[in-house]
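Structural overview
One-letter residues, chain by chain:
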Amino acid sequence: MPPSSKVASTDPATVLMVDEIAISPTDRVLMLQASDPALVVAIGRQAAETAVYDASLSALERTRHQIAVRHVQNVSVSDDVFPTDEARFDVAVLPVPKGREYGRGLLFAARRALKPGGKVYIAGPTEGGAKSLISDAGVVFGSSNTLTYRRRQRIGVAVQPDSPAIYPPEWGDDPTRMQTREIGGLTICTMPGIFSWEHLDDGTAMLIDQMAIVEGERVLDVGCGYGVIGLSAAKRGASHVTLTDDNLLAVRCARASAEANGLTNIDVMASDVYDGLNGQQFDLIISNPPFHQKFDVNTNVAHRLLREAGTALKPGGRLVIVANAFLKYDVVMAENLIRVRTLAEDNRFVVLEGRRGEGKQTAAPKRSAAVKRERNLRRNEYGDSDTDTELDTDLNIDFD
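What counts as what
Residues numbered from 1 in each chain as written. Predicted model: local features only at pLDDT ≥ 70, side-chain atom pairs only at ≥ 80, totals over all residues. Heavy atoms only, no water. Helix = DSSP H or I, 4+ residues; strand = E, 2+ residues; numbered from the N terminus. Buried < 20%, exposed > 50% of the residue type's maximum accessible area, 1.4 Å probe, protein only. Contact = heavy atoms within 4.5 Å. Core = buried A, V, L, I, M, F, W, Y, C linked by side-chain atoms within 4.5 Å. Salt bridge = Lys/Arg side-chain N within 4 Å of Asp/Glu carboxyl O. Pairing = 2+ DSSP bridges. Axes fitted to C-alpha atoms, helices over the stretch in contact; angles between N-to-C directions. Parallel < 35°, antiparallel > 145°, perpendicular 65-115°, else oblique. Left-handed = near helix turned anticlockwise from the far one by under 90°. Nonpolar A, V, L, I, M, F, W, Y, C, P; charged D, E, K, R; others polar. Phe/Tyr/Trp six-rings, centres within 6.5 Å; stacked < 30°, edge-to-face > 60°. Lys NZ or Arg CZ within 6 Å of the ring centre and 35° of its normal. Expected span 1.5 Å × (residues − 1).

Quick word on the side chain of T242
- Checked against the element boundaries, T242 lands in strand β11 (residues 240-245).
- Overall, T242 belongs to the buried group, its relative accessible area being 0%.
- T242 has contacts with V219, L220, D221, D267, M269, L277, Q280 and F282, leaving out every residue within four places of it along the chain.

Structural notes on the nonpolar core
- Core analysis: the largest hydrophobic core is formed by 97 residues, its most contacted members being V93, I122, F141 and I266.
- What F141 contacts, discounting residues up to four positions off in sequence, is L107, A110, R111, L114, V120, A158, V159, Q160 and P161.

Side note on the pattern of salt bridges
- The full count for this structure, using the stated rule, is 20 salt bridges.
- Two residues, D283 and K314, come together in a salt bridge whose shortest N-O distance is 3.6 Å. Residue D283 is located in strand β13 (residues 282-287), and its partner K314 is located in strand β16 (residues 313-324); the two are separated by 31 residues in the primary sequence.
- Overlapping salt bridges, with partners in common, bring together R28, E49, D85 and R88 in one network.

What to know about the pairing of strand β9 (residues 186-190)
- Most of β9 is tucked away: four of the five residues are buried.
- Sheet topology note: the strand β8 (residues 179-183)/β9 ladder contains five bridges and is antiparallel. Looking at the pairing, T180 lines up with C189 of β9.
- Linking two consecutive strands that pair antiparallel, namely β8 and β9, is a turn of two residues; a positive phi of about 60° is found at G184 within it.

So, the packing of helix α6 (residues 202-210) against helix α7 (residues 228-235)
- The geometry of α6 relative to α7 is characterised by a closest axis approach of 10 Å and an angle of 20° between their N-to-C directions. It follows that α6 is roughly parallel to α7 by the angle criterion. When the axes of α6 and α7 are compared, the crossing they make is right-handed. Within the contact between the two elements, α6 uses T204, L207 and I208 and α7 uses V228, I229 and S232.
- Here the residues of the contact of α6 with α7 are counted per class, giving four nonpolar, two polar and no charged.

Some points on the packing of aromatic side chains
- The final tally for this structure, using the stated rule, is three aromatic pairs.
- Seen from their ring centres, Y167 and W171 are 5.6 Å apart, and the 70° between their planes marks the pair as edge-to-face. Summarising the burial analysis for this pair, Y167 and W171 share the class buried.
- Taken together through their ring pairs, the aromatic side chains of F108, Y167 and W171 make up a single cluster.
- The ring of W171 carries the charged tip of R104 above its face, separated from the ring centre by 3.9 Å.
- R111 extends its terminal NZ or CZ atom over the ring of F141, reaching a point 5.9 Å from the ring centre.

What about the pairing of strand β7 (residues 153-159)?
- Here β7 lies mainly inside the structure; six of its seven residues are buried.
- When strand β5 (residues 114-125) meets β7, the two strands line up antiparallel, connected through seven bridges. Directly across from V120, in β7, lies its bridge partner A158.
- As paired strands, strand β6 (residues 145-150) and β7 are joined by five bridges and run antiparallel to one another. Among the inter-strand pairings, Y149 is bridged to a residue of β7, identified as R154.
- The antiparallel pairing of β6 with β7 creates a hairpin that spans two residues between the two strands, and R151 there sits at a positive phi of about 50°.

Some points on the side chain of R304
- Within the secondary structure layout, R304 lies in helix α9 (residues 300-307).
- With residues up to four places along the chain from it excluded, the contact list for R304 reads D272, V273, Y274 and D275.

Notes on helix α3 (residues 57-69)
- The terminal C-alpha atoms of α3 lie 19 Å apart, and with 13 residues this matches the ideal 18 Å at 1.5 Å per residue to within 8%.
- Of all the residues in α3, the buried ones are L57, S58, A59, L60, T63, Q66 and I67.
- Within two residues after α3, H71 carries a phi angle of roughly 55°, on the positive side.

As structure tokens, this is what we get:
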């Protein structure tokens, strides 16, 4: 891109892409992830049209905010994860996602969406999937090559051939389409891009085993994935279960899973933790909260889930979570809830329960010095970043 698109970003892959991707003022560009809105803004200022897709609701909302405040024209943000228009785009941009199968799905989406002669650029950490995904692009497109690499980041390119798009049969089923599996005694609709999409992970299994549902309770499953926890609660006597996830693929699959199991006392919605609940409160919140942001340890979402639980719980209501034992979430829970106790633990996971007090609670309590010390300990030991910064500061956007 020309010098006018210079961007200072916290993501080194973004800097690499801005330096290496060739975009003309007449190009239609397909962005297959919105993990860094700074990249969307930089590309949107150069292309005739930019269409943005992502599985993350919050990433899409951050992108909408940035293109609005930066007054970037000709950028559209879709609520679909994969584009449906075929042979429409001149350039596709693919930051490497977490999960090789999901990455292959995004590559295949680019293969369907590009015009003959169009280019897909793939960039990200060399040892975090970029090398493998560039190689996979060679299979899907017929050939691919690495343009350059620096700061442990790599960018590659593949050119759209003038032939039909066929998903490689040796890779299995098309990852852009929903699949059905029997998981946790339920018929589950799932697809790559969702946590533990092929099987029931051990932490979730432990949580379900410890999950006690009182007949008639209203239950909230936060970060529901394909829905196995919330659906299990519905089958155990909950009067109503709300399932939420930031991942739009998860929301789609959880809805289909509820229908496949004939469960009608279910609501599924896209929500960044509690944002989409409109003040609803529940007797029980259950969750296997995420602690990875792509390839790094990151507990921001989990800490927010714990700190703000009181706003979504009825007085006396319970929060029950499962987590990796080393994360020490009991410290954060104890600062925000009462009667925190361990329901089960082994050398890998711990299931914790805390209750909201009976008094009025309209906002999350402030973090104490003890919680801040625990946060800093994790940051130093695991590279965690649990900061509440303004979006523009966090992105470090600096356009000429």
